[in-house]
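Chain residues, written in single-letter form:
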Amino acid sequence: MAVAPPPHFFFFTTMPPPPPTAVSPTQDDLKRMAAHRAVDYVKSGMVLGLGTGSTAVHAIRRIGDLLRRGELSSIVGIPTSKQTEEQATEAGIPLSDLECHPSVDLAIDGVDEVDPHMNLVKGRGGSLLREKMIEGTCERFVVIVDESKLVDCIGGSRLAMPVEVIPFCCNYTLERLQRLFVDLGCTAELRIEKGKPFETDNGNYIVNLYFERDIGDLNDASDRILRLPGVVEHGMFLGMATTLIVAGKLGVTVKEKLELAS
Ligand SMILES: O=C[C@H](O)[C@H](O)[C@H](O)COP(=O)(O)O
């Protein structure tokens, strides 16, 4: 099993906790705090990757507010899902796509899990493919989380690792995915919603992988999954995040890749 390098190429900056109040922040408050801190990175004229989910929506609304107040201008948003497209339209953010704007300055998105090396699991909302296309091309990818998303190793939570597959013979692909990781006690399940397979924005299905043991070499696992015909993409986002913003009860912490910070 390959050993990941220590995370010494990162440094931390912290912000003081909010003044004490009678009520402690809810998880949604923490998501909003992380999202608003991320929007500090947004400058007028930027092309922005707009993430998907209950954390990212706070960033979308904040950007919309700043545009309305004239504190930001000439922003172009590239939505990572149909849901985000609707939310961004409602927030008044002008939208485009990668074909018209192939250079994305900054993307902001939530995640399902983040490890100490800033490797991520994404896609439990089903949007991993468009997210990976857009966030994989941007200059700076800012990940925003409440502290519940921090894990020691991704996949180690024993929660779902989503894989987007084409519908054709999806159970065959599912079997092959499960067999790939038989030594890790992997179970593969087709994501079902309302009695039928959950369909992504791209018309594909999601197979959720559950691991009994730690995945170990994530890059090797990624390669093995992607080599299977029928697989479109998986939810491991390895080495992509450049900034991590974590909101917790003690305040907001910002962690940067060193090369970006210098
Ligand atoms: O497909 C969904 C996306 O990857 C989301 O970014 C991820 O699931 C996190 O969503 P939330 O902020 O709602 O926890």
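This is a predicted model, so every value here is computed, not measured. (Residues numbered from 1 in each chain as written. Predicted model: local features only at pLDDT ≥ 70, side-chain atom pairs only at ≥ 80, totals over all residues. Heavy atoms only, no water.)

(A) Region of interest: helix 4 (residues 128-135). Of all eight residues that make up helix 4, six are buried, and the element is covered over most of its length. Within the span of helix 4, buried status applies to Leu-128, Leu-129, Glu-131, Lys-132, Ile-134 and Glu-135. (Buried < 20%, exposed > 50% of the residue type's maximum accessible area, 1.4 Å probe, protein only. Helix = DSSP H or I, 4+ residues; strand = E, 2+ residues; numbered from the N terminus.)

(B) Spotlight on the side chain of Glu-113. Mapping Glu-113 onto the fold places it in strand 5 (residues 113-114). On the basis of relative accessible area, Glu-113 is assigned to the buried category, the value being 1%. Of note is the side chain of Glu-113, whose polar atom sits 2.2 Å from the side chain of Ser-157. (Polar contact = N/O pair within 3.5 Å; in protein donor to acceptor, adjacent residues only side chain to side chain.)

(C) Broad picture of helix 1 (residues 27-39). Look at helix 1: 19 Å from first C-alpha to last across 13 residues, which is about the 18 Å you get at 1.5 Å a residue. Within helix 1 the residues assigned to the buried category are Leu-30, Lys-31, Ala-34, Ala-35, Arg-37, Ala-38 and Val-39. Close packing links the buried residues of helix 1 with helix 2 (56-68), strand 4 (104-109), strand 7 (138-146), strand 15 (243-248) and strand 16 (251-257). (Expected span 1.5 Å × (residues − 1). Contact = heavy atoms within 4.5 Å.)

(D) Structural view of the packing of helix 1 against helix 2. Two elements in contact, helix 1 and helix 2, have axes separated by 8 Å at closest approach and are oriented at 50 degrees. In this view, helix 1 runs oblique relative to helix 2, as classed from their interaxial angle. Where helix 1 crosses over helix 2, the handedness of that crossing is right-handed. Here Asp-28, Lys-31, Arg-32, Ala-35, His-36 and Val-39 of helix 1 come into contact with helix 2, specifically with His-58, Ala-59, Arg-62, Ile-63 and Leu-66. (Axes fitted to C-alpha atoms, helices over the stretch in contact; angles between N-to-C directions. Parallel < 35°, antiparallel > 145°, perpendicular 65-115°, else oblique. Left-handed = near helix turned anticlockwise from the far one by under 90°.)

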